[in-house]
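Here is how the chains run, residue by residue.
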Amino acid sequence: MTSEPAAADGPAVMHIGEVATRTELSLRSLRHWDEVGLLRPSGRTDGGFRLYTESDVEKILVIRRMKPLGFTLEQMSAAMRDLETVRDPAAADRHDVARERLVGILADAGERREKLERQLAMADEFIDLLGQQLS
């Protein structure tokens, strides 16, 4: 499926297949994220097909980057809400609280990345060991 222009004053929209291809995610993941409220598409066709905007794709890519770090759906959802809050000038009264939570998520993400780095180093050692044994 291809992109379709929205109304003359609205953003261009994409069907779920194009979004899945662009984000390297499965249709199943995108549908699940919609069903659980993690990321709802910006619209639907008259037939009920999901329509995504470029802004939706950017949000999906943020979530996709959180997945390998092992964040839960609830944690990802909270982070996305806080990111939306700090970007929203009308929510200035909540910026400090949202930023504080995001600082915590940043620290947590750093720790999770370090753990993945250690696991990757172990995997590299195993691959090297096997390679030496088979040489």
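Note that the structure is predicted; figures quoted are calculated from it, not measured. (Residues numbered from 1 in each chain as written. Predicted model: local features only at pLDDT ≥ 70, side-chain atom pairs only at ≥ 80, totals over all residues. Heavy atoms only, no water.)

(A) Local environment of the overall build of the protein chain. The helix and strand inventory of the protein chain stands at 5 helices and 3 strands. The helix and strand sequence of the protein chain, counted from the amino end, reads β-α-α-β-β-α-α-α. For a compact globule of 135 residues, the expected C-alpha radius of gyration is about 14 Å, and the protein chain comes in at 19 Å, more than 25% above that figure. If you take every contact in the protein chain between residues at least 6 apart in sequence, the share linking residues at least 24 apart comes to 45%. Counting only carbon and sulfur atoms, one obtains 55% of the accessible surface of the protein chain, whose full area is about 9,300 Å². One way to put it: in the protein chain the 19 positive side-chain charges average out to a point 3 Å from where the 24 negative ones average out. (Helix = DSSP H or I, 4+ residues; strand = E, 2+ residues; numbered from the N terminus. Rg over C-alpha atoms; globule rule 2.2 N^0.38 Å. Contact = heavy atoms within 4.5 Å. Areas by Shrake-Rupley, 256 points an atom, 1.4 Å probe, with all protein chains shown as cover. Lys, Arg positive; Asp, Glu negative; His and termini not counted. Charge placed at Lys NZ, Arg CZ, Asp CG, Glu CD.)

(B) Here's a closer look at the packing of helix α1 (residues 16-23) against helix α2 (residues 27-35). Look at α1 against α2: their axes get within 9 Å of each other, and the N-to-C directions meet at 110°. Here α2 runs roughly perpendicular to α1, going by the angle between their axes. Considering how the two elements wind past one another, α1 and α2 form a crossing that is right-handed. Contacts from I16, G17, V19 and A20 of α1 reach α2 at L27, L30 and R31. (Axes fitted to C-alpha atoms, helices over the stretch in contact; angles between N-to-C directions. Parallel < 35°, antiparallel > 145°, perpendicular 65-115°, else oblique. Left-handed = near helix turned anticlockwise from the far one by under 90°.)

(C) Focus on the pattern of salt bridges. In total, this model carries 8 salt bridges according to the counting rule given. With its nearest N and O atoms 3.1 Å apart, the salt bridge here joins R40 to D34. Here D34 ties to R44 by a salt bridge, and the two come within 2.7 Å at their closest N and O atoms. Residue D34 is located in helix α2, and its partner R44 is located in strand β2 (residues 43-44); the two are separated by 10 residues in the primary sequence. When salt bridges with common partners are traced through the structure, they connect D34, R40, R44 and R50 into a single cluster. (Salt bridge = Lys/Arg side-chain N within 4 Å of Asp/Glu carboxyl O.)

(D) The arrangement of the nonpolar core in detail. If you look at the biggest cluster of nonpolar residues, it comprises 19 residues, and the most contacted ones within it are V19, L30, W33, Y52, I60, I63 and M76. Going through the elements one at a time, α1, α2, α3 (54-66) and α4 (73-87) are the ones with two or more residues in this core. Here this core gets 4 residues from one element, more than from any other, and that element is α3. Excluding residues within four positions of it along the chain, M76 makes contact with L38, I63, M66, K67 and F71. (Core = buried A, V, L, I, M, F, W, Y, C linked by side-chain atoms within 4.5 Å. Buried < 20%, exposed > 50% of the residue type's maximum accessible area, 1.4 Å probe, protein only.)

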